[in-house]
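Below are the chains, spelled out letter by letter.
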Amino acid sequence: MKGKLYIVATPIGNLEDISLRALRILKEVDLIAAEDTRQTLKLLNHFEINKPLISYHRHNEEIKSEILIEKLENGENIALVSDAGTPGICDPGEEIIKKAIDNNIEVIPIPGACAMINALIASGISTKEFTFLGFLPLNKKLRKQKLDEIENSQKTIIIYEAPHKMESTLKDLKEILNKRKIVLARELTKIHEEFIRKDVDQILENISNLKGEMILIIEGNTSKNDNQNELNTLTLEEHYNYYKENGLSKKEIIKKIAKDRNLNKNEVYMQFLNK
Ligand code: SAM
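These numbers were taken from a predicted model, which means no experiment stands behind them. (Residues numbered from 1 in each chain as written. Predicted model: local features only at pLDDT ≥ 70, side-chain atom pairs only at ≥ 80, totals over all residues. Heavy atoms only, no water.)

## Quick word on the sheet that holds strand β1 (residues 5-8)
What counts is decided by this rule: In short, DSSP must find at least two bridges between two strands for them to pair. To qualify as a helix, a DSSP run of H or I must reach at least 4 residues; to qualify as a strand, a run of E must reach at least 2; elements of each kind are numbered from the N terminus. In this description, a line fitted to the C-alpha atoms serves as the axis of each element, helices being fitted only across the stretch in contact, and the angle between N-to-C directions of two axes falls anywhere from 0 to 180 degrees. The criterion used for residue contact is that any of the two residues' heavy atoms lie within 4.5 Å.
With parallel pairing, 5 strands are arranged side by side in an open sheet as β3-β2-β4-β1-β5. Strands with a single pairing partner mark the edges of an open sheet, and in this sheet they are β3 (53-55) and β5 (107-110). Sheet twist, expressed as the mean angle between neighbouring strand axes with direction ignored, is 25°. Helix α1 (residues 20-28) contacts β1, β2 (31-34), β4 (78-81) and β5 of the sheet and is inclined by roughly 135° relative to β5. Strands β1, β2, β3 and β4 of the sheet are contacted by helix α3 (residues 61-73), whose axis makes an angle of about 145° with β3.

## A look at unusual backbone geometry
Stated precisely, the cut-off is as follows: Only protein chains enter the area calculation, which uses a 1.4 Å probe; residues under 20% of their type maximum are buried, those over 50% are exposed, and those in between are partly exposed.
A positive phi angle, near 55°, is found at Asn104, a position not held by glycine. Of note, Asn104 is situated in the loop between α4 (94-102) and β5. Judged by its relative accessible area of 66%, Asn104 is exposed. For Asn178, which is not glycine, the phi torsion reads 60° and is therefore positive. By the secondary structure assignment, Asn178 is in the loop between α7 (166-174) and β8 (182-186).

## Concerning the packing of helix α10 (residues 236-245) against helix α11 (residues 250-261)
Cut-off, in case you're wondering: When an angle is under 35 degrees it counts as roughly parallel; over 145 it counts as roughly antiparallel; between 65 and 115 it counts as roughly perpendicular; any other value is oblique. Definitions for this section: a left-handed crossing has its near helix turned counterclockwise from the far helix by less than a right angle. A right-handed crossing has that turn clockwise.
The contact between α10 and α11 brings their axes to 10 Å, and the two run at 125°. Taken together, the axes of α10 and α11 are oblique relative to one another. Seen from above, α10 lies across α11 with right-handed handedness. Each of Leu236, His239, Tyr240, Tyr243 and Lys244 in α10 lies in contact with α11, whose residues at this interface are Lys250, Ile253, Lys256, Ile257, Asp260 and Arg261.

## Brief notes about the domain arrangement of the protein
The following threshold applies: Residue ranges for the domains trace back to a domain assignment, done automatically or taken from a database.
Under the domain assignment used here, the protein contains domain 1 (5-113), domain 2 (116-220) and domain 3 (232-271). Put simply, the middle of domain 1 and the middle of domain 3, counted by C-alpha atoms, are 52 Å apart.

## Points about the sheet that holds strand β10 (residues 214-218)
Pairing within the open sheet is mixed, and its 5 strands lie in the order β6-β7-β10-β8-β9. A single partner strand is all that each edge strand has here, and the edge strands are β6 (130-135) and β9 (194-196). Across the sheet, the mean angle from the axis of one strand to that of its neighbour is 20°, orientation sign disregarded. Pairing of strand β7 (residues 156-161) with β10 involves 5 bridges; the strand directions are antiparallel. By the bridge assignment for β10, Tyr160 is matched with Ile215.

## Quick notes on a positive patch on the surface
What counts is decided by this rule: Think of a patch as exposed residues, more than 30% relative accessible area, with no salt bridge, where like charges cluster within 9 Å and nonpolar side chains (Val, Leu, Ile, Met, Phe, Trp, Tyr) cluster within 5 Å. In short, Shrake-Rupley with a 1.4 Å probe defines the accessible areas, and a residue's cover is counted only from the protein chains shown. We define a salt bridge as a contact between a side-chain nitrogen of Lys or Arg and a carboxyl oxygen of Asp or Glu at a distance within 4 Å. Only four residue types enter the charge count: Lys and Arg as positive, Asp and Glu as negative, with His and the chain ends excluded. Lys charges are placed at NZ, Arg charges at CZ, Asp charges at CG and Glu charges at CD.
Side chains of Lys251, Lys255, Lys256, Lys259 and Lys265 sit close together on the surface and give a patch of like positive charge. By residue number, the principal contributor to the positive patch is α11, which donates 4 residues. If you trace the backbone, Lys251 turns up in helix α11.

As structure tokens, then:
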């Protein structure tokens, strides 16, 4: 019989945040695949779990996946853990999970801490719909694309950021956020846990004093929604003229109106045939 692959979430700071089930699975499996074996050893020692560890990190994912799949095929049960939180969420995991599925190996998630969810739920910003962007790219063009996406998103945005890059990220966000709310969640579940609910300028003033792990939660662009609702109360002619005054070409206007009003592009085009 094939073994099972357990994806086990571990604490993001406070060691009490590990589930009874996670502890049982870590005790029962044959092998634990860990992002950083030294880090996981500390966790295992704390809970007096003694298990063989094998490293599985971003730079060996491909090769290690093959080895782990072979072990799973031979009936070994394996738990995958990352340094903190949920494996696969900005952490290694995707590769082995895909391979396990391709090989008809059962993949079982063991729920637990995930920094973004906890930052979001206590942020006070809407949890109805959200987009998790992970870390913003450093490449200029890709970063600009992500910033455009944030600028236009009507959904709540969640961003992970390394402490030493937080200042430049906040400076970039300052250019696009207008008056949208932003919350910086820091050191979640740890002694210095803090939610900073100020505007970007105020957060930036104090950024050099902010240490530890951080996440940003950004309110969706609701002004866009209001503006769009307002546009849809206009006549088609007025709607057309609004975009014309904003310098858009006929083709662009037709595309925009169709999108705003959820109409077929050809339908809108026919209305403005002689424009
Ligand atoms: N897999 C993890 C999870 O489930 O959230 C995320 C790992 S990712 C490599 C690390 C990033 O997560 C950090 O740079 C930070 O943005 C965020 N993070 C992790 N732990 C955190 C904590 N205790 N407080 C605030 N942010 C945290």
